[in-house]
Amino acid sequence: MAERNKNRLLDLLTQEGNNVCADCGCQDPDWASFNLGIYLCVTCAQIHRMLGAHISKVKSIRLDQWNDDQVEFMAANGNRAAKAKYELCVPPSYKRPAESDCQVLREQWIRAKYERHEFMDVDKQTYLSGHKTGYLWKRGKDDSKYQSRLFVLSEEENVIKYYNKQDAKEPKAAIKLSNLNAVFVPDKIGNPNGLQISWVKEGQTRNIYLYTDDGKDIVEWYNAIRHANYNRLKVAYPGTPDEELRSQLSRDFHKEGWLCKTGPKGSEAYRKRWMTLDGRRLLYFAEPLDPNPKGEVFLGNKLDGYFVRDGLPPGRQEEPPNSFSLITPDREYYFSADSSEEQKAWMEALKAACDKPMYPQDQKNKQESKLK
Ligand SMILES: [Zn+2]
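On a predicted model such as this, the values are computed, not experimentally measured, just so you know.

With that settled, consider the coordination of the zinc ion. The zinc ion binds to the protein through Cys21 (SG), Cys24 (SG), Cys41 (SG) and Cys44 (SG); the donor distances cover 2.3 to 2.4 Å. Considering all four donor atoms around the zinc ion, the spread of angles at the metal, 103 to 116°, places the coordination shape in the tetrahedral class. As a motif over one chain, the donors of the zinc ion read C-x2-C-x16-C-x2-C. By the burial criterion, Cys21 is buried, and Cys24 matches it.

Okay, structure coming up:
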């Protein structure tokens, strides 16, 4: 009988909808929540376990014993039925995390769905109001200490502001929502709820680093920013499908990490730099949490003379290990990676950026930042 139940479950797993994780969409789930009636990957199953058995009861399909009633319940429900119920009204701007996304996004998505029932009732979606106020821990520009700062988001004013003192009349900074990008960088900040906000001001990229103690709160800030961007784009580009707009609400970095980089002549000493590949922009920093980059490189299309090459140009005497070159019409950049895997990963990421066609917006971005 145990064998029969297991085979029935394995058969259910092949049904459309059940063949991907109900929460992150990754392939081949082999866990299940048997009170919600959904199939899950191991990572999402662990998050379900954290919610407690009053919300979700988790079992392995292959390793645990199943009784007839449980299997019947799984057969009567499944991922598609759960989607119809728990994802009834997910806002188009809401970030649906994938397998590669950080823990806080995955956990809050799962909590929002099954614990708070946020997508069964639009009134619970406070991040759609166009206004958000609250305290966030912000890293000091110069002293690198995190201080609690009041932040105010106003969609109407197209701005997010923060104040250094609670009773200050003027904000310390007012960042246009239409200019900023928000991205979760928990490892870089060293906090699971770490969020980076970047914008370009007078040709210079500025980064601020934030977190909240409560995961729900930081994900709400993130989705409030995305929602404001969504509403603005919806007005600016009427008729554009939601799917296309969604891809423009926030950008995750294509790659980040350390590389050694030499100066413009190529004969200078190699210096360790923290590199961030953000779309068509390659930024390099002395330290990962610096407020401003040391420099930025714009990556145009390969047809305009932007490309990546293994090693250094011929004729050089000494070549550091795992070297590669980035060629632009204005300058050649020479890098050295810590390992051949990193070299390969960076070359692929940079090549992908140069392979992409240029859009009018890319030209505008190039002009706006002081790109070298
Ligand atoms: Zn999953």
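It is worth spelling out the nonpolar core at this point. Of all hydrophobic cores here, the largest spans 51 residues; its most connected members are Ile160, Phe184 and Ile197. Sorting elements by how many residues they give to this core places helix H7 (residues 215–236) first, with seven residues. In contact with Ile160, not counting residues within four places along its chain, are Phe151, Val152, Leu153, Ala173, Ala174, Ile175, Leu177, Leu180, Trp221 and Ile225. Of all hydrophobic cores here, the second largest spans 21 residues; its members include Phe324, Ala337, Ala349 and Leu350.

We now examine the sheet that holds strand S15 (residues 307–310). Read from one edge to the other, the open sheet built from seven strands follows the order S14-S13-S12-S11-S17-S16-S15, with strand pairing classed as antiparallel. Where the open sheet ends on each side, the last strands, each with one partner, are strand S14 (295–298) and S15. The mean angle between the axes of side-by-side strands here comes to 35°, regardless of whether they run parallel or antiparallel. In terms of strand pairing, strand S13 (residues 281–285) meets S14 through four bridges, oriented antiparallel. Within S14, the position partnered with Tyr284 by the bridge is Gly295. Docked against the sheet, helix H9 (residues 340–355) engages strand S11 (255–261), strand S12 (271–278), S13, S15 and strand S16 (323–327), running at close to 110° with respect to S11.

On to the pattern of salt bridges. Tallying each qualifying case throughout the model produces 25 salt bridges. Across the pair Lys113 and Glu87 runs a salt bridge whose closest N-O atoms are separated by 2.7 Å. Here Lys113 is found in helix H5 (residues 103–115), whereas its partner Glu87 is found in the loop between helix H4 (79–86) and H5, with 26 residues between them in sequence. We classify Lys113 as buried; its relative accessible area is 1%. Overall, the relative accessible area of 10% leaves Glu87 in the buried class. Between Asp101 and Lys95 there is a salt bridge, with the nearest N and O atoms lying 3.8 Å from each other. One exposure class covers both Asp101 and Lys95, and it is buried.

Thresholds applied
Residues numbered from 1 in each chain as written. Predicted model: local features only at pLDDT ≥ 70, side-chain atom pairs only at ≥ 80, totals over all residues. Heavy atoms only, no water. Donors = N, O, S within 2.8 Å, 3.2 Å for Na, K, Ca; no water. Tetrahedral: all angles 85-135°; square planar, octahedral: opposite > 155°, others 65-115°. Buried < 20%, exposed > 50% of the residue type's maximum accessible area, 1.4 Å probe, protein only. Core = buried A, V, L, I, M, F, W, Y, C linked by side-chain atoms within 4.5 Å. Helix = DSSP H or I, 4+ residues; strand = E, 2+ residues; numbered from the N terminus. Contact = heavy atoms within 4.5 Å. Pairing = 2+ DSSP bridges. Axes fitted to C-alpha atoms, helices over the stretch in contact; angles between N-to-C directions. Salt bridge = Lys/Arg side-chain N within 4 Å of Asp/Glu carboxyl O.

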